[in-house]
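# Structural overview for review
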Amino acid sequence: MRIFGSRRTQAAVIAVAAGSLALTACGGGSDNGSKGQPKTQTQKDAKKMSEPVKFGDAAASTGPAPAVPGAHSGGTMQVYQKSDFSHLDPGQTYVSDGKVLDDLLQRGLTQYSQDANGNLTVVGDLATDSGKESDGGKTWTYTLKDGIKDQNGNAITSAVIRHSIERLYASFETDGPTYIQQWLSGAGSSYRKALPKGGYDGKHLPDSVLATPDAKTVVFHFKTPEPDLPQALTMPGYSAVPIKGDTKQKYDQMPLSTGPYKIADFKPGKSMTLVKNPQWDPKTDSVRHQYVDGFDINLNVQNEDQTKAILADRGNDKNAMMWTGAVATTEVPKVTADKAAMKRTIQGYQPYVWQMNFNMNRIKDKRIRDAIAYAMPSAQMYKLDGGAYGGEVATGLLAPTLPGFDPTFDPFGKKKKPNGDIPKAKKLIKEAHAVGKKVVYAYANTQIRQQQSVVITNMLKEIGLDPVTKEIDNATWYEQMGKIKNGMDLYMTGWGQDWPSASTVIPPSYDGTNLQDGSSDYSHINDPKVNAAIHKAEKITDPTKANAAWKAIHEDIVKRINPAAPVYFTKTFQIFGSNVGGLRYSNDLNEVDVKQVFLKK
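Everything in this summary refers to the structure shown in the same document. (Residues numbered from 1 in each chain as written. Predicted model: local features only at pLDDT ≥ 70, side-chain atom pairs only at ≥ 80, totals over all residues. Heavy atoms only, no water.)

## Things to note about the sheet that holds strand 2 (residues 76-80)
The strand order across the open sheet formed by 5 strands is 9-10-11-2-12, and the pairing between neighbours is mixed. Of all strands in the sheet, those with a lone pairing partner are strand 9 (261-267) and strand 12 (320-322), marking the two edges. On average, each strand axis in the sheet is inclined to that of its neighbour by 25 degrees, with strand direction left out of account. Looking at chain direction, strand 2 and strand 12 are connected through 3 bridges and run parallel. Among the inter-strand pairings, Y80 is bridged to a residue of strand 12, identified as M322. Sheet contacts for helix 6 (residues 303-312): strand 2 and strand 12; angle to strand 12, the most-contacted strand, approximately 140 degrees. (Pairing = 2+ DSSP bridges. Helix = DSSP H or I, 4+ residues; strand = E, 2+ residues; numbered from the N terminus. Axes fitted to C-alpha atoms, helices over the stretch in contact; angles between N-to-C directions. Contact = heavy atoms within 4.5 Å.)

Rendered as structure tokens:
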């Protein structure tokens, strides 16, 4: 899952010349912040998120969802969102802000249920349970619940589910997940050959691949066991898209809802209004609520403005919440010093790793890539992004939330030199005869990325390179960086697990057979040894052996190839209005759990 753009922004100018950072909240590794401040999330908290999820039966999948203690109905929630939504078509959704929105709008065959201790269970959403496997995990059968309709009153049948899967084969569906398509029809981009028109021409996948024997039954047939199917199906990309109302490419502008809320109005770049979907039946939904009458979402509100407004807690801001925003770095000291304000905050260790991608088609000399990785000022970067409450120095490309995470793996010496090893980097640049070499460095046009770009630009100059900077629209960042011929040398992306397995990180990002416009192979790595090792690891069904295989592949990628420099692991720290209830961190969304919230009065 991609993390969208920059999570934290601020308007204040912070000195970012080398060594001139002066921030109250600072830290690295498992640092808990400055003395006297509340503790931040650590890698011990992250490890809790690496546990395998449970699979729920029909009882766990039956609605309505358990009531949230003290919940009231009514009122309109005020939402501050720092960026526009890059996609509204759920099939195109693979970024964090879109996932939060779709948790209210869309439903798929399965969904996550979270208990009071943060443990996740896969339950049936549109389906009656998390799925029934047979044939050693090669076949999965789902039965649809009764009484589920889209916002126009059309029934969700097996034909709708088949359509929702098959449309993902169409050429215009480029930015969503591809797990199930590849499992059904072939690795890399070859799956598209099985249904080039995405079913819009009346053709379908054969019943031997995807069968709908009756209106209530959907059967997936895979060539190999796919034990992770129930978790993959929880992703927004596999949500139901009604046949009636599917406008193909235009569906990205105004999708239909199957969830508790629907879009009433959308002004791109400005606002979105969600209202109750009267066709949603709580008796069919074991995870969602419909407490508030609607959500008024204000777009492109920077995090400092969000934080100041919600911290002040006046007027309508008492009803205000963040979605993917977080307490701005400049406001962390004020929030953490205010005991009353801290009672309306949540914290969470996120699964994302910010990494500086090297375009392997352009920066071909590994010595240059290694030089930048050694010199990467990781501590300065995350200190601009919330300090100890926003992240910590990354030592590799796998997050501490993954099973088998190795905290000792640190090939670029980031624990000892979190702000980079400049002398070593200079030596490598000289050895590569790259002194004065121009490198095109792209960054998003948000305040935090602009500030971080100063740090990166200074570093590149200091080690002997000649950076050419290019600012890119944040709303289309991943679409532009996802192009094979993007014209850039360096650019930062964030990636996190889709469920607790490195199989949801390494193949999407580093398997060269996935390489195409819109893929998540942002560095354009296409190494035969890595590709072969990935395909072999994907066939391992024993979790312990699989973790060992992924660990070895990760270390080989980082040390032998180095397609991306680790920058920092991520955390979130959010604040809400005093009238907002039901607050908890979602270990699925990795932000506030929007399904739980209500207004106290």
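## Some details on the sheet that holds strand 4 (residues 120-124)
One open sheet holds the 3 strands; their spatial order is 1-4-3, and the pairing between them is mixed. The outermost strands of the open sheet, each flanked by one partner alone, are strand 1 (54-55) and strand 3 (110-114). Inspection of the sheet shows strand 1 paired to strand 4 by 2 bridges, in the parallel sense. Within the sheet, the bridge partner assigned to F55 lies in strand 4 and is V122.

## What to know about the pattern of salt bridges
Per the counting criterion, the structure on display carries 29 salt bridges. Among the ionic pairs, K99 bridges to D588, the shortest N-O distance being 2.7 Å. Note that K99 is positioned in helix 2 (residues 96-105) and D588 in the loop between strand 19 (580-581) and strand 20 (598-599), a separation of 489 residues in sequence. By the burial criterion, K99 is buried, and D588 matches it. For R167, the salt bridge identified is with D246, shortest N-O distance 3.0 Å. With a gap of 79 residues between them, R167 in the loop between helix 3 (158-166) and helix 4 (179-185) and D246 in the loop between helix 5 (229-232) and strand 9 connect regions that are remote in the sequence. D246 sits in the buried class, given a relative accessible area of 13%. Sharing partners across several salt bridges, the network here consists of D89, R167, E173 and D246. (Salt bridge = Lys/Arg side-chain N within 4 Å of Asp/Glu carboxyl O. Buried < 20%, exposed > 50% of the residue type's maximum accessible area, 1.4 Å probe, protein only.)

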